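# Structural characterization, general
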Amino acid sequence: MTSLIDIKKGKVKVVSIIAGRGAESKLAQLGILPGKEMEVLSNVARGPVMIRCDNSRFILGCGLAAKVMVERLNEDS
């Protein structure tokens, strides 16, 4: 398990959200919840993280992205 900010590109699955109610609520509104599979499209060091979640693309600031704990998925699955 690692933070979303540590993933440069690829498919991931959300394992947990380590955040207060406000940040957790914001992520939930975007559909970013434990168990959700998504794809990291772009991640610049200490910058925003672009993800694809369902059919939408979002850009998360590094602070918010750091609160999302994920595990990598095999490209085959």
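Placed above this text is the structure.
Residues numbered from 1 in each chain as written. Predicted model: local features only at pLDDT ≥ 70, side-chain atom pairs only at ≥ 80, totals over all residues. Heavy atoms only, no water.

### Remarks on the environment of Gly-47
Inspection of the secondary structure puts Gly-47 in the loop between strand S3 (37-43) and strand S4 (49-53). Gly-47 gets classed as buried once you look at its relative accessible area, which sits at 12%. Sequence separation between Gly-47 and Cys-62 is 15 residues, and the spatial gap between their C-alpha atoms is 5.7 Å. (Helix = DSSP H or I, 4+ residues; strand = E, 2+ residues; numbered from the N terminus. Buried < 20%, exposed > 50% of the residue type's maximum accessible area, 1.4 Å probe, protein only.)

### Topic: the nonpolar core
Residues Leu-4, Ile-32, Met-38, Ile-51, Leu-60 and Val-68 are the most contacted members of the largest nonpolar core, which totals 18 residues. Broken down by secondary-structure element, the contributors of at least two residues to this core are strand S2 (10-17), helix H1 (21-29), S3, S4, helix H2 (62-65) and strand S6 (68-72). (Core = buried A, V, L, I, M, F, W, Y, C linked by side-chain atoms within 4.5 Å.)

### With respect to the sheet that holds S3
Picture the strands of a sheet paired through backbone hydrogen bonds; they go either parallel or antiparallel. Strand order in this open sheet of six strands is S1-S6-S2-S3-S4-S5, and the pairing throughout is antiparallel. In the strand order of this sheet, the two ends are held by strand S1 (2-3) and strand S5 (56-60), each with one partner. With four bridges joining them, S2 and S3 adopt antiparallel strand pairing. In the sheet register, Val-12 faces S3, and the bridge partner there is Met-38. (Pairing = 2+ DSSP bridges.)

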